[in-house]
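What follows is each chain in one-letter form.
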Amino acid sequence: MKKLFILIVLLIAAGALIATNPSREDHVAAVNQVVSSSIEQNLSSNNPVLDIMGKVGSAIGSEVARNVVDQKLEYCNYYLFSLTRTQYDGKNYYLSVGALGTVKATFNEEDLKDAVNNGINSLLK
C-alpha cells in the first residue's frame, strides 16, 4: 500500500511538472528581458537629449537582440523541465532553465556588460 501511495505521488508530481513546463516562447522572453534591461541600463543618461537618443537606440537594439535571440536559441524540452542553449566555438552554453511555469536566465546584466567589454568568451564560460 505504501509503494502504491509513493507511486501515485510521483505520478502527480511528474504530471504537474509536465503540465507547467515553460514553452520556448517563455524562455525567449526571459532571455530577452535580461538583454533588453542591459541595453537600457547602458544607454540611459541624465542628459534629456541623450536620454531620448538612448531610448531610441534601446528600442532598436532591443528589437535586433530579440531577433538574434529568437534565431540562435535552441529549446531543449525534457518534459519535467526545459533549457535553452546556444552554440559558440563548437560548445553548448545554457542561457535559461525552466520548470513549474517559471524561467530563469542563467546570466544577468552585469555578465552582458562584461561580455561587451571583455569579449563574448567572458559571458560564455
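Up top is the structure these notes are about.
Residues numbered from 1 in each chain as written. Predicted model: local features only at pLDDT ≥ 70, side-chain atom pairs only at ≥ 80, totals over all residues. Heavy atoms only, no water.

Description of the overall build of the chain
- In terms of helices and strands, the chain carries four helices and four strands.
- The order of helices and strands in the chain, counted from the N terminus, is α-α-α-β-β-β-β-α.
- When the 125 residues of the chain are sorted by exposure, 29% land in the buried category.
- Within the chain, contacts between residues separated by at least 24 positions form 53% of all contacts whose residues are at least 6 apart in sequence.
- Carbon together with sulfur atoms contributes 61% to the accessible area of the chain, which is approximately 8500 Å² in total. (Helix = DSSP H or I, 4+ residues; strand = E, 2+ residues; numbered from the N terminus. Buried < 20%, exposed > 50% of the residue type's maximum accessible area, 1.4 Å probe, protein only. Contact = heavy atoms within 4.5 Å. Areas by Shrake-Rupley, 256 points an atom, 1.4 Å probe, with all protein chains shown as cover.)

Concerning the sheet that holds strand β4 (residues 102-105)
- Across the sheet, four strands lie side by side as β1-β2-β3-β4; this open sheet has antiparallel pairing. Of all strands in the sheet, those bounded by a partner on one side alone are β1 (74-77) and β4. This sheet shows a mean twist of 30° between the axes of neighbouring strands, independent of strand direction.
- When β1 meets strand β2 (residues 82-88), the two strands line up antiparallel, connected through four bridges. The partner of tyrosine 75 across the bridge, within β2, is threonine 84. (Pairing = 2+ DSSP bridges. Axes fitted to C-alpha atoms, helices over the stretch in contact; angles between N-to-C directions.)

A look at the pattern of salt bridges
- One pass over the structure, following the stated rule, counts one salt bridge.
- Here arginine 85 and glutamate 74 are joined by a salt bridge, their closest N and O atoms 3.0 Å apart. On the criterion of sequence distance, the pair formed by arginine 85 in strand β2 and glutamate 74 in strand β1 is long-range, its members being eleven residues apart.
- In this structure glutamate 74 comes out as partly exposed when scored by relative accessible area, which is 37%. (Salt bridge = Lys/Arg side-chain N within 4 Å of Asp/Glu carboxyl O.)

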